[in-house]
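What follows is each chain in one-letter form.
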Amino acid sequence: QQPYGLDIWGDQNFIIRDGKAHINYKSSPALIDITTQIRSEGITGPVILRFPHLIAKQIDALYGHFTRAIEENHYQGRFKAVFPLKVNQYPEVVKSIVEAGREHGYGLEAGSKAELILAMANTPTGSPITVNGFKDVEMITMGFLAAQMGHNITLTIEGIGELESIIEVAENTSFRVPNIGIRIRLHSGGSGIWAKSGGMQAKFGLTSTELLEAFDLLKRHNLLDRFTMLHFHIGSQMDEIAPLKRALREAGNIYAELKRMGADALRAINIGGGLSVEYAQHPTQRVRNYSLKEFANDVVFLLGGIMRAKGVEHPNIVTESGRFITASHAVLVTPVLELFSHDYQERSLKLKEVNPPLIEELLELNNMLTSGNSIEYLHDALDHLESLLKLFELGYIDLQDRSNAETLVHLIIKRALYLKQSNQLPEIERLQERLQERYLVNSSFFQSMPDYWGLKQHFPVMPLDRLEQPAIRAASLWDITCDSDGEIGFDPKAPLYLHDVDLDVEEYFLGFFNVGAYQETLGMHHNLFSHPSEATVLIDDDGYRFTNLDEAEDILEILDNLEYDPATVLKQLETRIAESEFMTKEENRDTLSTLKHFLAQNGYLRTTK
Ligand code: PLP
C-alpha cells in the first residue's frame with residue numbers, strides 16, 4: 001500500500017518521488033516546491049493550490065464514459081452535463097470548468113439568483129443551463145431573460161407554485177419562454193450521509209398527483225411544448241449504486257408514462273448529481289462501491305431497457321454531478337506551527353548535580369535503550385513518570401525535576417517508537433494511541449473543511465515531504481481557532497501518523513486533499529478566519545506557472561466584510577493611541593505604523609521561517 005492511502009483516494013493524481021509528493025502530470029512538480037515558491041513571494045498561512053488539469057481530467061472522464069456507454073448500448077439519446085455552481089463558485093474554478101467543458105458543450109446549474117447570473121454570464125451559448133431550487137417570480141423572470149439572451153436554459157420546477165409563476169410571467173411578458181423541467185419526488189431514496197435529497201420525505205420535487213396536476217396546467221396554458229426535462233436527484237456522494245438503479249427504474253417509467261400522455265416535447269432525463277469521490281485513506285474506510293464506468297453503463301443500459309420495453313424514444317441523459325468534477329482539483333496546504341511536545345528536546349534538559357533517583361533511572365533507561373528492550377524500557381519510563389508526578393504533587397521534587405522527567409520520558413517514547421517502527425505490535429499501537437502528538441496547523445477547519453466539522457467527513461491528509469522517512473507519531477491535528485471543535489482527533493480505526501520534526505530548524509507542511517467541492521463557500525468565518533490564499537497552477541512539460549496568486553484578505557478587509565467601516569476602525573485606533581498616557585509622540589507614531597503594517601497582513605498566523 002502507498003503511504004497515506006494515496007492509492008485509495010489519489011486517483012493517480014499525485015506520485016511520491018524522492019520523499020516528496022509530486023503532481024503526476026507533465027513536468028510533475030513537487031507540491032512542496034510550489035509551496036516554497038508561493039511563500040517566497042511573501043504569502044504565508046494556508047494556501048489552496050488549484051490544478052485546472054484535474055478539472056479537465058474529470059470532465060473528460062465523465063463525457064468519455066457516457067459516450068462509450070451510449071455507443072456500446074446503441075443508445076439513441078445524447079449525453080449532456082452541467083456543473084452545479086453550489087459545489088464551487090470561485091472564479092478560478094468556474095473559469096477552468098468553462099474552458100475545459102467548452103469542447104463538450106458542458107453547461108452550468110444554478111440554485112440561486114446570484115448563481116443564475118454567474119451561469120448567464122459564463123455559460124457558452126448553446127451549452128445547457130439548468131435552474132433548481134426555490135424560485136420567486138423575479139428569479140423566474142431572470143430565467144426568461146436568459147432564454148431571451150439565447151441561452152439553452154431549463155427552469156426546473158420544485159412545486160406547483162413555481163409552475164404557476166412561470167405561467168404568470170409567460171402570460172404577462174413577451175420574453176421567450178425557457179424550457180421547463182419538473183423535479184419528481186421519487187419513492188426510492190439515496191445512500192450515504194447526504195441521502196436525504198431523495199425519497200418521499202425529500203425537500204424538493206412533485207409527487208405523482210402533483211405531476212399530473214402540473215401536466216394539466218401546462219396543457220391548459222399551451223406550455224406543453226416547453227416541458228422538456230424530467231429531473232430527480234437522490235443525494236450527493238452516493239456510496240452505493242443500488243439506490244440509483246431503483247431511482248432510474250422509477251423515473252424511467254414516469255418518463256415513459258408522460259410521453260404516452262402526450263408530453264411530446266419531453267426529451268431529457270436529468271439524473272441530478274450523486275457521483276461520489278473517494279475520501280478514505282484506509283482500506284477499511286472505503287465506502288464507494290462503484291466506478292464511473294459502472295455508473296455510466298447502468299444509467300444508459302437501464303434507461304435504454306425501459307424505453308425499449310415501453311416503445312418510447314430514448315431520452316437525452318443529463319447529469320449534474322459536481323463533487324466528482326472539482327473535489328480533486330484543490331489541495332489545502334497548511335504549515336504546521338507547533339508540535340505539542342515540541343519543548344521536549346534534549347537541549348531543554350537541565351539536570352542538577354544531584355537528581356532524584358527516579359530521574360537518574362530515566363537517564364539510564366534513555367542511554368541503554370535498544371531495539372530489544374525498547375518496549376520494556378518504555379513501560380518502565382511511563383511508570384516512573386507516574387511516580388515522579390505523584391512525588392511532585394506531594395512536594396518531594398521541584399518544577400525543574402518535573403520538567404526533566406517529562407523531557408526524558410518524551411525522548412524515550414520517541415526513540416522507542418523509532419526503534420519499533422517496522423514492528424506494528426498491538427502494544428505499540430496502543431502506546432502510540434496513548435502518546436499522541438498534537439500538531440497545530442495554521443488554518444481553520446471551520447473555514448476550510450466545514451464538512452469535517454458538520455458531518456465528520458474525512459479529507460485525506462499527507463505531509464508534502466519526508467515521505468521516505470518513517471512517520472511514527474500518532475497525530476491529532478489542531479487548528480488555530482479558539483474552539484475545541486477545531487480538532488481532528490487521532491482515530492485508532494483510521495490512524496494518522498506524522499513525522500517527528502523540530503520546527504525550530506525545519507518546516508513541515510501538510511496537504512489536505514480532495515477539498516475542491518463544497519468546502520470553500522460552505523466555510524465559516526469563525527474567529528474571523530477568511531478564505532485562505534489561493535494559487536492556480538498551470539503545469540506544462542517544462543515546469544509550472546501561476547495564473548492566479550491571490551492572498552487571503554487582510555485584517556481590514558475581513559472587518560470590512562463584516563460591515564465595519566475600515567476608516568472608522570482606523571480612526572478609533574488613532575484616537576485610542578493619541579489618548580494613551582504611556583506613550584511619547586514618537587511612540588504614538590511608531591505604534592500606529594506598526595498596527596497599520598499588521599492590518600495590511602492576512603489574518604492567519606505568520607510563520608516567520
Ligand atoms: N443537482 C442537485 C439538484 C443537487 O441538489 C446537487 C447536490 O446535492 C447536485 C446536483 C450535485 O450533486 P453532487 O454533490 O453529487 O455533485
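The residue numbers shown here count from 1 along each chain, following its written sequence. pLDDT decides what is reported in this predicted model: residues at 70 or higher carry local features, side-chain atom pairs at 80 or more are listed and counted, and totals for whole chains, interfaces and linings draw on all residues regardless. Side-chain metrics rest on all non-hydrogen atoms present in the structure, leaving aside hydrogens and water.

1. Some details on the sheet that holds strand β10 (residues 268-270)
Within a sheet, adjacent strands bond to each other through the backbone by hydrogen bonds, running parallel or antiparallel.
Okay, so step 1: A strand pair is defined by DSSP finding two or more bridges across the two strands. Strands are runs of DSSP state E lasting at least 2 residues, helices are runs of H or I lasting at least 4, and numbering of each runs from the N terminus. Around the barrel, which closes on itself, the eight strands sit in the order β4-β5-β6-β7-β8-β9-β10-β11 with parallel pairing between neighbours. For this sheet, the mean inter-axis angle between neighbouring strands, taken without regard to orientation, is 25°.
Okay, so step 2: Summarising the sheet, strand β4 (residues 79-84) and strand β5 (residues 107-110) pair through three bridges and their orientation is parallel. Paired with P84 across the two strands is E109, which belongs to β5.
Okay, so step 3: Against the sheet, helix α9 (residues 242-261) touches β9 (227-231) and β10, its axis set at about 160° to β9. For helices, the axis comes from a line fit to the C-alpha atoms of the stretch in contact; other axes are also lines fit to C-alpha atoms, and the angle between any two N-to-C directions lies between 0 and 180 degrees. For this analysis, residues touch if any pair of their heavy atoms sits within 4.5 Å.

2. Observations concerning the pairing of strand β15 (residues 473-478)
Okay, so step 1: The rule is simple: take the accessible area with a 1.4 Å probe, protein chains only, and divide by the maximum for that residue type; under 20% is buried, over 50% is exposed, in between is partly exposed. With five of its six residues buried, β15 lies for the most part within the structure.
Okay, so step 2: The sheet contact formed by strand β13 (residues 437-441) and β15 spans four bridges and is parallel. Within β15, the position partnered with R438 by the bridge is S476.
Okay, so step 3: As defined by bridge partners, β15 adjoins strand β17 (residues 497-498) across two bridges and the pair is classed as antiparallel. From the neighbouring strand, A474 faces β17, where its bridge partner is Y497.
Okay, so step 4: With two bridges joining them, β15 and strand β16 (residues 487-488) adopt antiparallel strand pairing. For W478, the partnering residue across the bridge sits in β16 and is E487.

3. Brief notes about the environment of F529
Okay, so step 1: Mapped onto the fold, F529 is located in the loop between α18 (519-522) and β19 (533-539).
Okay, so step 2: Residue class for F529 comes out buried when judged on its relative accessible area of 9%.
Okay, so step 3: Excluding residues within four positions of it along the chain, F529 makes contact with S444, Q447, I480, T481, M524, G603 and Y604.

4. A short note on the side chain of N179
Okay, so step 1: Mapped onto the elements of the fold, N179 is located in strand β8 (residues 179-183).
Okay, so step 2: Setting aside residues up to four positions removed in sequence, N179 forms contacts with N152, I153, T154, L155, R226, T228 and R267.

5. Quick word on the domain arrangement of the protein chain
Okay, so step 1: For the domain bounds, the source is a domain assignment made automatically or taken from a database. With domains assigned, the protein chain is organised as domain 1 (3-50 + 331-340 + 435-553), domain 2 (55-321), domain 3 (346-432) and domain 4 (556-599).
Okay, so step 2: For domain 1 versus domain 2, the distance between C-alpha centres works out to 34 Å.
Okay, so step 3: The interface of domain 1 with domain 2 comprises 28 residues on the first partner and 22 residues on the second.
Okay, so step 4: Buried area counts how much accessible surface, traced with a 1.4 Å probe, disappears from two parts once they are put together, with both parts' losses summed. Carbon and sulfur atoms make up 51% of the surface buried where domain 1 meets domain 2, a total of about 2200 Å² over both sides.
Okay, so step 5: In terms of surface lost to domain 2, no three residues of domain 1 exceed I8, Q457 and Y518, which account for 29% of the buried area on that side.

6. Digging into the site of the ligand
Okay, so step 1: Whether a residue is near a molecule or strand is decided by its heavy atoms; if any one of them lies within 4 Å of it, the residue is near. Taken together, 16 residues lie near the ligand, and S236, G274, E320, G322 and Y518 sit nearest.
Okay, so step 2: A distance of 2.6 Å separates an oxygen atom of the ligand from a polar backbone atom of G274.
Okay, so step 3: We define a polar contact as two N or O atoms separated by no more than 3.5 Å, with the added condition that, inside protein, one atom must be a possible hydrogen donor and the other a possible acceptor, whereas residues neighbouring each other in sequence contribute only through side-chain atom pairs. R323 is positioned with one of its backbone polar atoms (N or O) 2.8 Å from an oxygen atom of the ligand.
Okay, so step 4: Protein chains bury 93% of the 390 Å² of accessible surface belonging to the ligand in isolation.
Okay, so step 5: Only Asp, Glu, Lys and Arg are considered charged, only Ala, Val, Leu, Ile, Met, Phe, Trp, Tyr, Cys and Pro nonpolar, and every remaining residue, Gly among them, polar. Residue classes in the shell around the ligand are distributed as three nonpolar, nine polar and four charged. Areas reported as accessible are Shrake-Rupley estimates using a 1.4 Å probe. Residue values count occlusion only from the protein chains shown.

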